[in-house]
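# A look at the structure
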Amino acid sequence: MHTPDQPRVVIVGAGIVGCALSDELTARGWTDVTVLEQGPLFATGGSSSHAPGLVFQTNSSKTMTEFASYTVRKYSSLTLDGQWCFQQLGGLELATTPERLTDLHRKHGLATSWGVEGSILDPAECAALHPLLDQDRILGGLHVPSDGLAKALRAGEAQARQAAARGARFLGHHTVTGFESANGRVTGVVTDQGSFPADIVVSCAGFWGPRIGAMAGVEVPLVPLAHQYARTAPLPELAGRNSEAAEAGKPILRHQDRDLYYREHVDRIGIGSYAHRPMPVDLASVSHPSETTGSGMPSMLPFTEEDFAPSWADAAELLPALGRSKVEEGFNGIFSFTTDGMPLLGEAPELRGFWVAEAVWVTHSAGVAKAMAEWLIEGAPRTDVHECDLARFEDVQLAPSYVMQRSCQNFVEVYDIIHPLQPMEEPRPLRVSPFHQRQQALGAVFLEGGGWERPHWYEANAQLPEVAGVPGRGAWASRYWSPIAGAEALATRERVALFDMTPLKRLEVTGPGSLAFLQYLTTNQLDKPVGAVTYTLLLDETGGVRSDLTVARLGEQRFQVGANGNLDLDWLTRHLPADGSVQVRDITAGTCCLGVWGPLARDLVQPLTDADFSHKGFGYFKAKRAYLGNVPVTAMRLSYVGELGWELYTTADCGPKLWDTLWEAGQRHGVVAAGRSAFNSLRLEKGYRSWGTDMTAEHNPYEAGVGFAVRMDKGDFLGRDALTGLGDATVARRLVPLLLDDPAAVVLGKEPVFFDGAPAGYVTSAAYAYTLGKSIAYAWLPSAATAPGTSVQVEYFGERLSAVVAEEPLFDPKMTRIRR
């Protein structure tokens, strides 16, 4: 029953995600929840209905691992009419190649970083856990005892019953046909059985999500893909081993070198394959649940034996008993893939009150539901979800052809060994800066971020004398790297370099209410004279750092905001006052930026302009308009690399001329073009944070070492109340720099850090510090382990590397190089 103090929540879809969300919401006191399902309850005909249920928790994403771990804990505690919902059989990921075994060591490190216990086993130990394995074909495995099997339909119904007991209602055979809205906000859901008023709608429709979203005018960028699953005939080797009730007793298996996974079905083996061609599914061809007869499900398409044939041969090589059996039944099951392999969560930018929780697998279902419930009720989830936020995509990443191509490629690569820096190759290029042709002429090696082609180093710099002195590094750290990057970093410190900063998001905030608007949304004091630039933070309601910004006051009512991405634009847009006194505009595409940094930066820039670029005439964190040669620029005296210099902004049409002007004038000063690889090393030497990597909404400013950007005395701002009583003295964990004893040991990020012999934290960013001749790793550690001089160990591919906590900044602590 609706009460005035509770919102009316309508969930679309009674699969495992919708059921889990209803449970998490009602457990927190929101009981006016209606779950609408087009099919029967609870075998709805969606992906949950056919899911094999294998839950492997370890993921390169901390967020996804946390979602999976919560799912394991919750479903392990559930039963339905005395039947299990989760069995902790353990998960065993196998290596049949040296490359895979190396990757399993890396993956074991990820598990340790995120708090999941596991171990690397030799072939005999693997075979002891699962006797059907041919141990001569394997080199080892990663065993996680808490992994296992989820019974998706049971877990969904068990949670639905708990929600119903608290007041939620579940209505099967209700097909959503549209949505009602007023003033840009959802107000109701229309079905073939009538309308339902709603203050909040959450689409948990799985692969039907794009269709539901389209009814609301909301983009849901996922692709339904068919994935093969087969069951063997009964195996004599399994006869009498597993009861019908238990179903399985041995660990679930992954044979990722052949894109396969396995589980027991009493006396049969189930085999899932990602080895086949991507098979996108047109939703128009999928039957409505009411049109399905017998035991079939709309999500279960006919099995294509020819696609499975190679996988069957590979499966029998690993489990020889299969060679004496056959595939008795199979199907091509539909489930959801996205362009980056992550779920789609959050409130739609296009329609307030319309939320989505889509592209969520059984593995992460309860964890996602918990985060969504926290988000809805408390204003922010306790787990960082920026990787999953529906608003994360740039416009070019929403093109249907892009969504299709990248989603299909994610299917192909789902079990591949992927390097952290490895970009997809297609479709590219999408976005290029005005300097792109100049960069190509200099042999730029491009990686991709946010659709942008971003130079990581320039082959033209291979002849720099500094290259010879750059030390080598290990095999994994050497990928997507070149010693040329080290030469570019050293040239920046010794002379001057040009860095293309165009891909960084730029927003323009204008209007009579712009100052008050930004003052409320950010932590630092922005009420400064025109020409001031301020480093500040965006916080959520819990005091978590949801972004860091640079805000330049270019006019009484005009500000330029340097942001981290589309999530910042979405956040600012959501908080715009209703009176129209503030406008926010994304100016990134129409502008460009070059960072000119190094001890000779002033010698390069000053002769090109009549404006005063002296230290006295153009102070640090100041901005002014000027002409460099014939190019109008907005110059900001900022440095993310710890050297004298400026960020120079101009319109995109003037970009090539800006480059040419600086490049020509810089020749006498030994100017170089420098890429992102050098940039990352230089910023870590100074201890400058990278939001989304070093800090997220899970961290408050004092923990992250950016408390200096908080002005509690400036008046009210979003998140201020949550910071009351907090400070540097209250933090239980800190982000600190580590210096590895072995300067050649360059790690990648996300490695576990050990203190007193036990896992205590994890690495965020890492690089070789070319200026210092040391390997740096920034890491989150408990405060007790963060005093400078504290000895720790970083586990890298199974090897413990000695390191020591250092005092930051590591380079130029008195800031003399920037402020000259």
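Residues numbered from 1 in each chain as written. Predicted model: local features only at pLDDT ≥ 70, side-chain atom pairs only at ≥ 80, totals over all residues. Heavy atoms only, no water.

Looking now at the sheet that holds strand β2 (residues 33–36). Within the open sheet, the 6 strands sit side by side as β11-β2-β1-β15-β23-β22. Their pairing is mixed. Each having just a single partner strand, β11 (169–171) and β22 (344–347) make up the two edges of the open sheet. Recorded for the sheet is a direction-independent mean angle of 20 degrees between the axes of neighbouring strands. On the sheet, helix α9 (residues 365–378) packs against β15 (200–203), β22 and β23 (354–358) and is oriented at approximately 165 degrees with respect to β23. (Pairing = 2+ DSSP bridges. Helix = DSSP H or I, 4+ residues; strand = E, 2+ residues; numbered from the N terminus. Axes fitted to C-alpha atoms, helices over the stretch in contact; angles between N-to-C directions. Contact = heavy atoms within 4.5 Å.)

Of note, Thr26 is situated in helix α1 (residues 16–27). By relative accessible area, Thr26 is classed as buried at 3%. In terms of polar contacts, Thr26 uses its side chain to reach the backbone carbonyl oxygen of Asp23, at 3.2 Å. Excluding its chain neighbours within four sequence positions, the residues that come into contact with Thr26 are Thr31, Val33, Ala163, Arg166 and Ala168. (Buried < 20%, exposed > 50% of the residue type's maximum accessible area, 1.4 Å probe, protein only. Polar contact = N/O pair within 3.5 Å; in protein donor to acceptor, adjacent residues only side chain to side chain.)

Okay, the side chain of Arg406 next. Inspection of the secondary structure puts Arg406 in helix α10 (residues 400–412). At a separation of 2.6 Å, a polar atom in the side chain of Arg406 contacts the main-chain carbonyl oxygen of Glu426. With sequence-adjacent residues up to four places away left out, Arg406 is seen in contact with Thr338, Thr339, Met424, Glu426, Pro427, Arg428 and Glu448.

Moving on to the state of the cysteines. Counted under the stated rule, the structure contains 0 disulfides. No disulfide involves Cys654; its sulfur sits 7.9 Å from that of Cys592, the nearest cysteine. The buried category is assigned to Cys654, whose relative accessible area is 19%. (Disulfide = S-S within 2.5 Å.)

A separate point is empty space enclosed by the protein. Empty pockets left among the atoms are what a rolling probe the size of a water molecule brings to light. In this structure the tally under the stated criterion is 4 cavities of 30 Å³ or more. Taken as a whole, the largest cavity holds about 50 Å³ of empty space. As for the largest cavity, its lining consists of Pro455, Tyr458, Phe499, Asp500, Met501, Ala674, Gly675, Arg676 and Phe679. Every element with two or more residues in the lining of the largest cavity is listed here: β25 (452–458), β26 (497–500) and α18 (676–686). Here the residues of the lining of the largest cavity are counted per class, giving 6 nonpolar, 1 polar and 2 charged. Roughly 50 Å³ of volume is contained in the second largest cavity. (1 Å grid on protein atoms, 1.4 Å probe; cavity = no way out; pocket = protein on both sides within 12 Å on 5 of 7 lines; lining within 4 Å. Points joined across faces, edges and corners; volume = space filled by probe spheres on them. Nonpolar A, V, L, I, M, F, W, Y, C, P; charged D, E, K, R; others polar.)

Pairing is possible between side chains of opposite charge, provided their charged atoms come close. Summed over the entire model, instances satisfying the criterion amount to 51 salt bridges. Its salt-bridge partner being Asp267, residue Arg268 comes within 4.0 Å of it at the nearest N-O pair. Since its relative accessible area comes to 24%, Asp267 is described here as partly exposed. Notably, a salt bridge pairs Arg428 with Glu453, separated by 2.7 Å at the nearest N-O pair. Taken together, the residues span a long stretch of sequence, with Arg428 in the loop between α10 and α11 (436–441) and Glu453 in strand β25 at a distance of 25 residues. When salt bridges with common partners are traced through the structure, they connect Asp23, Glu24, Arg28, Lys74, Arg166, Lys370 and Glu374 into a single cluster. (Salt bridge = Lys/Arg side-chain N within 4 Å of Asp/Glu carboxyl O.)

Attention now moves to the packing of aromatic side chains. For the structure on display, the rule yields 31 aromatic pairs. Taking the centre distance of 5.6 Å and the plane angle of 35 degrees together, the rings of Phe435 and Trp659 count as tilted. Taken together, the residues span a long stretch of sequence, with Phe435 in the loop between α10 and α11 and Trp659 in helix α17 (residues 655–666) at a distance of 224 residues. Phe435 gets classed as buried once you look at its relative accessible area, which sits at 0%. Counting every residue linked through ring pairs, the aromatic cluster contains Tyr229, Tyr261, Tyr274, Phe331, Phe335, Phe337, Trp361, Phe411 and Tyr415. (Phe/Tyr/Trp six-rings, centres within 6.5 Å; stacked < 30°, edge-to-face > 60°.)

Time to look at the packing of helix α13 (residues 483–494) against α18. Running from N to C, α13 and α18 point in directions that differ by 55 degrees, and their axes come no closer than 8 Å. In terms of orientation, α13 and α18 fall into the oblique class. Considering the relative orientation of α13 and α18, their crossing is right-handed. Within the contact between the two elements, α13 uses Ala485, Glu488, Ala489, Thr492 and Arg493 and α18 uses Ser677, Ala678, Leu682 and Glu685. Here the residues of the contact of α13 with α18 sort into 4 nonpolar, 2 polar and 3 charged. (Parallel < 35°, antiparallel > 145°, perpendicular 65-115°, else oblique. Left-handed = near helix turned anticlockwise from the far one by under 90°.)

Put simply, Arg428 and Pro429 share a cis peptide bond, and its omega is -10 degrees. At the junction of Glu808 and Pro809, the peptide bond is cis and its omega measures out at 0 degrees in the coordinates. Within the element layout of this structure, Pro809 appears in the segment after β42 (799–805). Phi is positive for His173, close to 55 degrees, though the residue is something other than glycine. Even without glycine at this site, Asp756 takes up a positive phi of about 55 degrees.

Going residue by residue along strand β1 (residues 9–12), you find Val9 and Ile11 tucked away on one face and Val10 and Val12 tucked away on the opposite face as well. In terms of strand pairing, β1 meets β2 through 4 bridges, oriented parallel. Bridge pairing links Ile11 to Val35 in β2. With respect to chirality, the unit in which β1 leads through α1 into the neighbouring parallel β2 is right-handed. (Right-handed = clockwise from strand over helix to strand, strands pointing away.)

This brings us to the packing of helix α3 (residues 62–76) against α9. Each packed pair of helices is defined by two parameters, the angle between the axes and the distance between the axes. It is the contact of α3 with α9, at a shortest axis distance of 6 Å, that shows an interaxial angle of 105 degrees. On the basis of their axis angle, the class for α3 and α9 is roughly perpendicular. Across the interface between the two elements, Phe67, Tyr70, Thr71, Lys74 and Tyr75 from α3 touch Ser365, Ala366, Gly367, Val368, Lys370 and Ala371 from α9. Of the residues that constitute the contact of α3 with α9, the class distribution is 6 nonpolar, 3 polar and 2 charged.

What follows is about the nonpolar core. Nonpolar side chains in soluble globular proteins tend to end up buried together. Of all hydrophobic cores here, the largest spans 51 residues; its most connected members are Phe499, Leu738, Val747, Val753, Val763, Tyr770 and Leu781. Per element, the largest residue contribution to this core is 6 residues, and it comes from α13. Those residues in contact with Phe499 that lie beyond four places of it in its chain are Thr492, Cys593, Leu594, Gly595, Trp597, Ala674, Gly675, Phe679 and Leu682. One finds Ala20, Val72, Tyr75 and Cys388 within the second-largest nonpolar core, a separate group that totals 50 residues. (Core = buried A, V, L, I, M, F, W, Y, C linked by side-chain atoms within 4.5 Å.)

The next point concerns the environment of Leu682. The residue Leu682 is located in helix α18 in this model. On the accessibility criterion, Leu682 (0% relative accessible area) is buried. Along the chain, Leu682 and Thr771 lie 89 residues apart, while their C-alpha atoms are 8.2 Å from each other.

The terminal C-alpha atoms of helix α6 (residues 152–165), which comprises 14 residues, lie 20 Å apart, in line with the 20 Å expected from a rise of 1.5 Å per residue. Taken together, the buried positions of α6 are Ala152, Arg154, Ala155, Gly156, Ala158, Gln159, Ala160 and Ala163. Gly167, located one to two residues past α6, shows a positive phi value of around 125 degrees. (Expected span 1.5 Å × (residues − 1).)

Here the focus is the sheet that holds strand β18 (residues 260–265). In space, the 9 strands of this open sheet follow the order β8-β9-β7-β17-β18-β19-β16-β21-β20, with mixed pairing throughout. Here the strands that pair on one side only, and so sit at the sheet edges, are β8 (119–121) and β20 (300–302). Neighbour to neighbour, the strand axes of the sheet diverge by 30 degrees on average, direction disregarded. Relative to strand β19 (residues 268–273), β18 runs antiparallel, the two being bridged by 6 bridges. Looking at β19, one finds that Glu264 is bridged to Ile269. On the sheet, helix α8 (residues 305–318) packs against β7 (91–95), β16 (223–232), β17 (252–255), β18, β19 and β21 (327–337) and is oriented at approximately 70 degrees with respect to β18. The strands touched by α10 within the sheet are β16 and β21, with β16 carrying the most contacts at an inclination of about 25 degrees.

This part takes up the pairing of strand β37 (residues 733–740). With respect to burial, β37 is a largely interior element, 6 of its 8 residues being buried. Taken together, the 8 bridges between β37 and strand β40 (residues 774–782) define a ladder with antiparallel strand orientation. Within the sheet, the bridge partner assigned to Arg734 lies in β40 and is Leu781. Pairing geometry for β37 and β42, over 3 bridges, is antiparallel. Each residue of the ladder has a partner; that of Leu739, found in β42, is Val804.

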